[in-house]
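Now for the letters of each chain:
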Amino acid sequence: KNILSGSGSGSGSGGKQQQHGNLSVLGATGLAVGHIVAKKLEYASARATHVLRRCFADALSGKGALAKTEYEIELLETGALIRFLQIARNTYNPGWVDVD
């Protein structure tokens, strides 16, 4: 379901078009749109930060706590980032299939 919709005509110069018209997000238009978008982005950012921190904590606990060199720690952190990206991909593209 598309949550953004808009209509308008474009006009401009130099090959660039400027859109003018009404923007609607989740049925709201006008000043409420900015508030809705800001709240949604704030929530998404907080959730992503929580998940990323959990990935790092999981990577550095257990066997990860035995990492002694900078290289070993960087490998664990890289694994945590990969895990975070996998979670994000599964959340926003649930039908994704790795072919490799």
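Criteria and thresholds
Residues numbered from 1 in each chain as written. Predicted model: local features only at pLDDT ≥ 70, side-chain atom pairs only at ≥ 80, totals over all residues. Heavy atoms only, no water. Helix = DSSP H or I, 4+ residues; strand = E, 2+ residues; numbered from the N terminus. Contact = heavy atoms within 4.5 Å. Areas by Shrake-Rupley, 256 points an atom, 1.4 Å probe, with all protein chains shown as cover. Salt bridge = Lys/Arg side-chain N within 4 Å of Asp/Glu carboxyl O. Core = buried A, V, L, I, M, F, W, Y, C linked by side-chain atoms within 4.5 Å. Buried < 20%, exposed > 50% of the residue type's maximum accessible area, 1.4 Å probe, protein only. 1 Å grid on protein atoms, 1.4 Å probe; cavity = no way out; pocket = protein on both sides within 12 Å on 5 of 7 lines; lining within 4 Å. Points joined across faces, edges and corners; volume = space filled by probe spheres on them. pLDDT = per-residue confidence, 0-100.

(A) Representation of the overall build of the protein within the structure. A count of helices and strands for the protein gives two helices and three strands. Taken from N to C terminus, the helices and strands of the protein fall in the order β-β-β-α-α. Look at the contacts in the protein between residues 6 or more apart in sequence, and 20% of them connect residues 24 or more apart. When the accessible surface of the protein is totalled, it reaches about 8,400 Å², and 58% of it is carbon and sulfur.

(B) Spatial organisation of the pattern of salt bridges. Enumeration according to the criterion identifies one salt bridge in this entry. With a shortest N-O distance of 3.2 Å, Asp58 and Arg54 are connected by a salt bridge. Residue Asp58 and its partner Arg54 are both found in helix H1 (residues 31–60); the two are separated by four residues, about one turn of the helix.

(C) Spatial organisation of the nonpolar core. With five residues, the main nonpolar core is built from Val51, Cys55, Ala59, Ala80 and Phe84. Looking at this core, the elements that each hand over two or more residues are H1 and helix H2 (70–92). Examining the composition of this core, we find that three residues originate from one element, H1, more than from any other. Leave out the neighbours within four places in its chain, and Ala59 touches Gly64, Leu76 and Ala80.

(D) View of the layout of surface pockets. When its volume is computed, the largest pocket comes out at roughly 190 Å³. Contributing to the lining of the largest pocket are Tyr43, Ala44, Arg47, Ala48, Val51, Phe84, Ile87, Ala88, Thr91 and Tyr92. Those elements that place two or more of their residues in the lining of the largest pocket are H1 and H2.

(E) Seen up close, the confidence of the model for the protein. Overall, the prediction assigns the protein a mean pLDDT of 78, with 73% of residues at 70 or greater. A low-confidence stretch, residues 1–13 (pLDDT under 50), is modelled with 26 contacts involving residues beyond four sequence positions or located in other chains.

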